[in-house]
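# Per-entry structural report
Chain residues, written in single-letter form:
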Amino acid sequence: MENRIRNQTLVPEARHKLDQLKAKVARVNNPDKAKYEIAKEIGVPLQKGYNGNLTSEEAGKVGGRLGGRMVKELIKMAQRNL
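These lines cover the structure that appears in this document, whether it is placed above or below. (Residues numbered from 1 in each chain as written. Predicted model: local features only at pLDDT ≥ 70, side-chain atom pairs only at ≥ 80, totals over all residues. Heavy atoms only, no water.)

## Things to note about the overall build of the protein chain
A tally of regular secondary structure across the protein chain gives 3 helices and 0 strands. Ordered by position from the N terminus, the helices and strands of the protein chain form the series α-α-α. On the principal axes, the C-alpha backbone points of the protein chain span a range of 45 × 30 × 20 Å. Residue burial in the protein chain is summarised as follows: out of 82 residues, 18% are buried. The contacts in the protein chain between residues at least 6 apart in sequence include a share of 40% that link residues at least 24 apart. As displayed, the protein chain offers around 6,600 Å² of accessible surface, 52% of which is attributable to carbon and sulfur atoms. For the protein chain, the distance from the average site of its 17 positive side-chain charges to the average site of its 9 negative ones is 4 Å. (Helix = DSSP H or I, 4+ residues; strand = E, 2+ residues; numbered from the N terminus. Buried < 20%, exposed > 50% of the residue type's maximum accessible area, 1.4 Å probe, protein only. Contact = heavy atoms within 4.5 Å. Areas by Shrake-Rupley, 256 points an atom, 1.4 Å probe, with all protein chains shown as cover. Lys, Arg positive; Asp, Glu negative; His and termini not counted. Charge placed at Lys NZ, Arg CZ, Asp CG, Glu CD.)

## Looking at the side chain of Glu73
Locating Glu73 in the fold gives a position in helix α3 (residues 56-80). Look at Glu73 and you get buried, because its relative accessible area is 12%. When sequence neighbours within four positions are dropped, the list of residues in contact with Glu73 reads Leu21, Lys24, Val25 and Arg80.

## Some points on the packing of helix α2 (residues 34-42) against α3
The N-to-C vectors of α2 and α3 enclose an angle of 110°; their axes lie 9 Å apart at closest approach. Judged by the angle between their axes, α2 and α3 are roughly perpendicular. Where α2 crosses over α3, the two elements pack in a sense that is right-handed. Between α2 and α3, the residues in contact are Ala34, Lys35, Ile38, Ala39, Glu41 and Ile42 and Lys61, Val62, Arg65, Leu66 and Arg69, respectively. Residue composition of the contact of α2 with α3, grouped by class: 6 nonpolar, no polar and 5 charged. (Axes fitted to C-alpha atoms, helices over the stretch in contact; angles between N-to-C directions. Parallel < 35°, antiparallel > 145°, perpendicular 65-115°, else oblique. Left-handed = near helix turned anticlockwise from the far one by under 90°. Nonpolar A, V, L, I, M, F, W, Y, C, P; charged D, E, K, R; others polar.)

Printed below as a string of structure tokens:
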């Protein structure tokens, strides 16, 4: 798989459900606010707009925490359906 398609949703019809899951694991109503809520929880100064002042480590913590929670929830959902 090429890196340039890495961040695309493979099934575009799933985007809405993925956004709902993102909001659920971040405990917010709007999925667009999820990463900001996670950043606030872990003390990363993420703000709307330019964030060039963040280190790679800080940015990775936000994405990793959010993505990790989403994966855990997807695993739980799959286990319930077995």
